Amino acid sequence: MRASLIQIDVDEGEPVDSRRRRVAALVREQSGADLVVLPELWTTGAFAYEEFGSEAEPLEGPTYEAMAKAASDAGVWLHAGSIPERAAPGSGLAADEGSLYNTSLVFSPSGELAAAYRKIHRFGFDKGEAVLMGAGRDLVTVRLPGTTLGVATCYDLRFPELFRGLVDAGAETLVVPAGWPERRRAHWTLLAQARAVENQAFVLACGTAGTHAGVPQAGHSIVVDPWGEVLAEAGAGEEVLTVDIDPAKVAATREQFPALKDRVLGLEPPRR
Ligand SMILES: NC(=O)CCC(=O)C(=O)O
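Residues numbered from 1 in each chain as written. Predicted model: local features only at pLDDT ≥ 70, side-chain atom pairs only at ≥ 80, totals over all residues. Heavy atoms only, no water.

In the annotation of an unreviewed UniProt entry, the entry for the chain reads Carbon-nitrogen family hydrolase, and the organism field reads Streptomyces rameus. As stated in UniProt under Sequence similarities (unreviewed entry), the record for the chain gives "Belongs to the carbon-nitrogen hydrolase superfamily. NIT1/NIT2 family." (UniProt positions renumbered as here; feature names shortened; annotations may be inferred.)

Structure, rendered in structure tokens:
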């Protein structure tokens, strides 16, 4: 399976419409790939909190339209990264109509929406995304020929229980679009490898390049195999990182080193 991670330069000097067209063209260029992955919130930038409201879109808004078409033109599975989604009235998503979500979109090679994932762990503690956006509640997996994707977004990478939930739901390839800052790049690489090793799964983690809202981005998108080996890693700038992965390696690793079978669930808390 050939995967291409497009590490987009997200810079506020580029209008969102131009970036959307540019990214759609980049996706079309990946027509030999099976799976293409884009980063988190690449229309605005993950730290451009002030743009979330003005650039928010309905689920089936301009980014959805452009990415659905790009996926079908290229004939690829497309994890289109995430958008700032404004929940439609009556969607049942939130008590407050018009609430925002950090929503990832996955399209099939015919351009149909295969899955939408609303980021569960919002970043910022008591500001930024954590207060501006609502939290998703649902784990999401997507069945592709040869593998099952488990999807998570950026800060989710710090929460191993989410990934274990995805593995329990059948995930073999964990896809993590992100807008990770350069300041914590060491955590990014370490956590991507940790999630791969502990879950005996591929990790495809796609970040952004450039600087937006004054936050230099780490880049360094990374593909890790189920043994924790780094198969490919991008540099700091805009780049398409292409790698061939063998999905059968997940079952082989889980069979040869069956640590997942040794899990002990439902441990008792310490006695007082
Ligand atoms: N957009 C994010 O979720 C940023 C996460 C981050 O900076 C971190 O976990 O560190």
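> Would you mind going over the packing of helix H5 (residues 160–168) against helix H6 (residues 185–199) in detail, with residue names and values included?
Viewed as axis vectors pointing N to C, H5 and H6 meet at an angle of 40°, and their least axial separation amounts to 11 Å. One finds that H5 runs oblique with respect to H6. Crossing of H5 over H6 shows right-handed handedness. Along its contact with H5, which presents Pro160, Phe163, Arg164 and Val167, the element H6 presents Arg195, Glu198 and Asn199. Taken together, the residues that form the contact of H5 with H6 break down as three nonpolar, one polar and three charged. (Axes fitted to C-alpha atoms, helices over the stretch in contact; angles between N-to-C directions. Helix = DSSP H or I, 4+ residues; strand = E, 2+ residues; numbered from the N terminus. Parallel < 35°, antiparallel > 145°, perpendicular 65-115°, else oblique. Left-handed = near helix turned anticlockwise from the far one by under 90°. Contact = heavy atoms within 4.5 Å. Nonpolar A, V, L, I, M, F, W, Y, C, P; charged D, E, K, R; others polar.)

> Outline the state of the cysteines, supporting the account with residue identities and numerical values.
Put plainly, a disulfide is one covalent bond tying together the sulfur atoms of two cysteines. Inspection of every chain in the model, using the stated rule, returns zero disulfides. Unpaired in terms of disulfides, Cys206 finds its nearest cysteine sulfur in Cys154, a separation of 11 Å. (Disulfide = S-S within 2.5 Å.)

> Can you explain the pairing of strand S6 (residues 141–144)? Please cite residues and give values.
Where burial is concerned, the two faces of S6 differ: the one with Val142 and Leu144 is buried and the one with Thr141 and Arg143 is not. Bridge analysis of S6 against strand S7 (residues 147–151) gives four bridges, and the strand direction is antiparallel. Residue pairing in the sheet places Thr141 in a bridge with Gly150 of S7. The turn joining S6 and S7, which pair antiparallel and follow one another in sequence, is formed by two residues; a positive phi near 95° is taken by Gly146. (Buried < 20%, exposed > 50% of the residue type's maximum accessible area, 1.4 Å probe, protein only. Pairing = 2+ DSSP bridges.)

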